[in-house]
Amino acid sequence: MDLARALAYSRYAQRCLAAEPGLLDTLAAALALPFDVPGAATSLPTTATALGPALRRLRRDAFLHTMLRDLTGCAGLAEVATTMTALADVALAHAVDAHDRELAAVHGVPRGHDSGERQSLIVVGMGKLGGGELNVSSDIDLVFVYPEEGDTDGARSIANREYFDRLGKRVIGALADVTADGFVFRVDMRLRPYGTSGPLTTSFAGLERYLVTQGRMWERYAWLKARAITGADAAGLAALVVPFVFRKYLDYDAYEGLRDIHRQIREQGARRDAQANVKLGDGGIREIEFIVQAEQIVRGGREPDLRVRSTLGALDALEERELLPRSSAATLREAYVFLRNVEHRLQYRDDAQTHHLPADPGEWALLAEAMDTAAAGLTDALARQRGAVALTFEQTFADTAIAPAASATRAPGDYTALWLDPHLDEPMRTALVAAGFTDPEALVSMLARVRASGRYQQLPAASRERFDVLVPRFLAAAGAHAGLSGAQAVFERLMALLETVARRSAYLALLIEHPPLLPRIATLMGASAWAAQYLTRYPLLLDELLDARALLTEPSWDEWRDELAHLLAERPGDAEHGMDALRHFQHAQTFRLLVQDLDGRLTVERLADHLSALADVVLAGALTACWSCLRGVDAAPPRFAIIGYGKLGGKELGYVSDLDLVFLFDIADDDPEAEAHEVAYTRLAQRLNTWLNSTTPAGPLYDTDLRLRPDGAKGLIASGLRGFVRYQREQAWVWEHQALTRARHVAGDAAVGAAFEAARHEILTMARDATQLRAEIVAMRQRMFAGHANPTSLFDLKHDPGGMVDIEFTVQYLVLGNAHRHAALTRNAGNIALLGLAADLELVPAPLAQAVADAYREYRRLQHQVRLTGAAQARVDPVPQAARRAAVERLWVHAFGSPWREPASP
């Protein structure tokens, strides 16, 4: 559309040009660039009397300029919305300033009773103004708040409430009163606490009291976009609003309230007069906004990146985090831009706040021309876009809840009736046995015990209703997805989870709102008792099961680092947040690995690689966060490194392995602040160990063992690099050098880590007396066995003769006894790889090395399998392992000359 047609399209523009003919030349000369609201605002008068007419002229100029750029194809939706939002911000700021000065001249400055500080009016932009996406002819939704009650400090003192009420009324009039110059913005104050019956302005205390005691679901939706436009304490306002809008955890409780709003939207959209409304009708703008904001409300407490005020920005955030399918996000994005463009063209016509499509064919043709299409094309495009939105809207808010248990009778196997009245007749016994329940009597007794328990009886009515819905579903899921554990065991595990989460209604809502979740949970619990315990201990992980595709995608270690860094950066220097973020992250990633493991997607070796890498990432994140808490976020990184020993060092970490750690730091000899730095690094080590070991409301992180540091438990918690190297050369026991064979730099300063690796290589390649080395390792093996007695007839995979410790000690002996001639043995490559290298170097026979490597691999697999059952020790039937044990014992004799334990007397 050319400039002439654009001007002809808008009757409002024609009226403006008729009143001021010279305006056209001014507009045409500036159309090449967006309207400069901040630049134009510099010439606004400062007195309240002169400001009103000036703001109205500014609004006219911005409207016409932006309209012409839009209709002629020079501006898109983003420019239009940004310009109108900037205009509202400027108008509000200048109106508040001008009228505040006039009131203060009469009554003095408002001051807080408690702080004595000057109080200012905070104008909160709601709706599209808050989101930075204002319409061209929109009203502006406002809420007026101020931090503290008190009085003004002038001769004619009044209460702060009265002062700000007067100021608020003046600001509204300055913008909304219709004069010969028109108006600036219509103002809507109905979103304030208590609506039209409430006071015009509210203190922070009053707002907090209202939100906590009276705030409703739709108000969370409204306050999601709230933005402080004026005033000096936006952070204080956010501290009140954010906890109201976003719950601390995933807020699945919100679904029922959101569904109520969904029904209201649909009922309103079904009205005859709403079908032609591009905002309120089916598939309209409001449905797009609601889809996006619903996901934000549910998840924004856990994921701050979703706390985005603008609709398109929030849509991008949801898509980026894969919380909306890309196809749905693209559909909503395209429809939103299209419908907002239609909305603006409806409003350009007469500068009217309208969203109604015209019924008159002539008007329809003009609208189609403004949309750069034919009349029929506009009809088709609207139908297609609104239809796609309406379909997505219905799919998003499909009612997945079923009727309360009292009226629900269709659960598989009539399990609802069994739960409501737990007793066993013959048909029910037959049905339960057929479903795989091996002890129907015990099952019914458990159901009766749960129903009679105080925990169940004391649940709130809504939670008990959800509980009643879920028990029959759990029975059905246990029977259908029992796995190797059996239906009865799976149901018992499911009930343990249900009883754990029963007082957290959000979890009950999650289980009801997402029916596909139950089969996944049941399958997981049928595969592993330990997995069931893990999920019950950390029910927050239920959310991880929602996206099966992401759950089963093998992780990227670089993405782990980026994600954790991002989480910790949200509130740098906040110890509580940092500790919880580390735990949530580690639990979630561990759980994903667990699911992939049980699905058969990971070998034991690959799983150990991932778990070890996860620990590396968590340690690095914890170290950085601890240092920020101690020294500030801008402090230079510490010359401090974390060394991993044992299973972490050897990259053989399991789900419940503790972390064997040594903390090293490096201080230059000529550092004038050496003592202060040593104190700081000691404090860092102590803080870091506390962060790792402590159990917070988010749970534990890792158990650590620091006894491998110089002088063991008696030594300093952190060691200087040079002192550590000197200790290893001159004082360390052989068993400490054995431990060093599996040590590596896992986190912290790269230079300190490299220096450690160089020192490790030097120490491991020292020539040793072979006889003495063998004697000390054998003695250590005997002591270790004595400390891990096995009173059963089963074979302890780790500690018994012919087990994993024998293999590890033999490999360590081969390294310490031969690395001075074969430096390649110092590589931290794992026991299996080192056995292969020893065979290549002809230190052990190749067939024997291969047999023992195979045994070690099988032992690890069996150990992992047993641990997944929840067993404390990995002990198995000794008969199938006889050949492997014999191979391990032959390797020991080959290396050491004789068994470390004499055979038992006949």
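Just so we're clear, the structure is a prediction, and the values are computed from it rather than from any experiment.

Caption draft 1: Representation of the overall build of the chain in the model. Check the secondary structure of the chain and you find 40 helices and 14 strands. Counting over 906 residues, the chain shows a buried share of 54%. Long-range contacts, defined as pairs at least 24 residues apart, comprise 73% of the intrachain contacts of the chain with a sequence gap of at least 6. Distance between charge centroids for the chain: 2 Å, based on 97 positive and 115 negative side chains.

Caption draft 2: How the structure looks around the state of the cysteines. In the structure shown here, the tally under the stated rule is zero disulfides. With no disulfide partner, C16 has as its closest neighbouring cysteine sulfur the one in C74, 20 Å distant.

Caption draft 3: Spotlight on helix α33 (residues 721-730). For α33, the set of buried residues is L721, F724, V725, Y727 and Q728. One side of α33 holds all its buried residues, which, seen down the axis, span an arc of 160 degrees. Those residues of α33 that are buried lie in contact with β8 (640-645), β9 (659-665), β11 (718-720), α34 (734-740) and α35 (750-764).

Caption draft 4: Seen up close, helix α14 (residues 311-320). Those residues of α14 that sit buried are T311, A314, L315, A317, L318 and E319. Contact partners of the buried residues in α14: α13 (285-299) and α15 (326-350). Capping the start of α14 is the job of one residue whose side-chain oxygen sits 3.0 Å from the backbone nitrogen of G313: S310. Two residues or fewer after α14 comes E322, characterised by a positive phi angle close to 60 degrees.

Caption draft 5: Summary view of the layout of surface pockets. Counted as a void, the second largest pocket has a volume near 1,600 Å³. In terms of residue count, the dominant contributor to the lining of the second largest pocket is helix α37 (residues 804-818) (five residues). Looking at the lining of the second largest pocket residue by residue, the classes come out as 22 nonpolar, 12 polar and 15 charged.

Caption draft 6: Quick look at empty space enclosed by the protein. Within the structure shown, the criterion is met by four cavities of 30 Å³ or more. Put simply, the largest cavity is a space of about 90 Å³. Looking at the lining of the largest cavity, the elements with two or more residues in it are α37 and α38 (831-840). With three residues, α37 is the single largest residue contributor to the lining of the largest cavity.

Caption draft 7: Layout of the environment of N828. Along the chain, N828 falls in the loop between α37 and α38. Note on N828: relative accessible area 25%, which makes it partly exposed. In sequence terms N828 and R885 are 57 residues apart; their C-alpha atoms lie 25 Å from each other. The contacts of N828, once residues within four sequence positions are left out, are G649, G650, T741, R742, A743, R744 and R760. Among the polar contacts listed, one links the side chain of N828 to the backbone oxygen of R742, at a separation of 3.5 Å.

Caption draft 8: Highlighting the side chain of N341. The topology assignment puts N341 in helix α15. The class of N341 is buried, set by a relative accessible area of 16%.

Caption draft 9: Broad picture of the packing of aromatic side chains. Tallied over the entire structure, the rule returns 23 aromatic pairs. Ring geometry for Y12 against F63: centres 5.0 Å apart, planes inclined by 75 degrees, an arrangement best described as edge-to-face. Here Y12 is found in helix α2 (residues 11-19), whereas its partner F63 is found in helix α5 (residues 48-71), with 51 residues between them in sequence. With respect to burial, Y12 and F63 carry one shared label: buried. Cluster of aromatic residues (ring-pair linked, three or more members): W627, F640, F663, F665 and Y681. The residue whose ring lies beneath R349 is Y9, and the NZ or CZ to ring-centre distance is 5.5 Å.

Caption draft 10: Representation of the nonpolar core. Among the nonpolar cores identified, the biggest contains 122 residues, and L64, L92, V124, I140, W223 and L382 are the most heavily contacted of them. Of the residues forming this core, the biggest block, 13 residues, is contributed by helix α6 (residues 77-107). Not counting the four nearest positions on each side in its chain, W223 is found in contact with V124, M126, V143, L191, L207, L211, V241, F244 and V245. L447, W530, Y534 and L619 belong to the second-largest nonpolar core, a separate cluster that totals 108 residues.

Caption draft 11: Structural context of the environment of M67. Of note, M67 is situated in helix α5. By relative accessible area, which is 0% here, M67 ends up buried. A C-alpha to C-alpha distance of 70 Å links M67 and A448, two positions 381 residues apart in sequence. Among all residues touching M67, those that are not within four sequence positions of it are A6, S10, A13 and Y348.

Caption draft 12: Local environment of the pattern of salt bridges. The tally for this structure, following the rule as stated, stands at 49 salt bridges. A salt bridge links R321 to E303, with the nearest nitrogen and oxygen atoms 2.2 Å apart. Of this pair, R321 sits in the loop between α14 and α15 while E303 sits in the loop between α13 and α14, placing them 18 residues apart in sequence. Judged by relative accessible area, R321 falls into the partly exposed class, the value being 33%. For E303, a relative accessible area of 14% puts it in the buried group.

Rules used in this analysis
Residues numbered from 1 in each chain as written. Predicted model: local features only at pLDDT ≥ 70, side-chain atom pairs only at ≥ 80, totals over all residues. Heavy atoms only, no water. Helix = DSSP H or I, 4+ residues; strand = E, 2+ residues; numbered from the N terminus. Buried < 20%, exposed > 50% of the residue type's maximum accessible area, 1.4 Å probe, protein only. Contact = heavy atoms within 4.5 Å. Lys, Arg positive; Asp, Glu negative; His and termini not counted. Charge placed at Lys NZ, Arg CZ, Asp CG, Glu CD. Disulfide = S-S within 2.5 Å. Arc of directions from axis to C-beta. Polar contact = N/O pair within 3.5 Å; in protein donor to acceptor, adjacent residues only side chain to side chain. 1 Å grid on protein atoms, 1.4 Å probe; cavity = no way out; pocket = protein on both sides within 12 Å on 5 of 7 lines; lining within 4 Å. Points joined across faces, edges and corners; volume = space filled by probe spheres on them. Nonpolar A, V, L, I, M, F, W, Y, C, P; charged D, E, K, R; others polar. Phe/Tyr/Trp six-rings, centres within 6.5 Å; stacked < 30°, edge-to-face > 60°. Lys NZ or Arg CZ within 6 Å of the ring centre and 35° of its normal. Core = buried A, V, L, I, M, F, W, Y, C linked by side-chain atoms within 4.5 Å. Salt bridge = Lys/Arg side-chain N within 4 Å of Asp/Glu carboxyl O.

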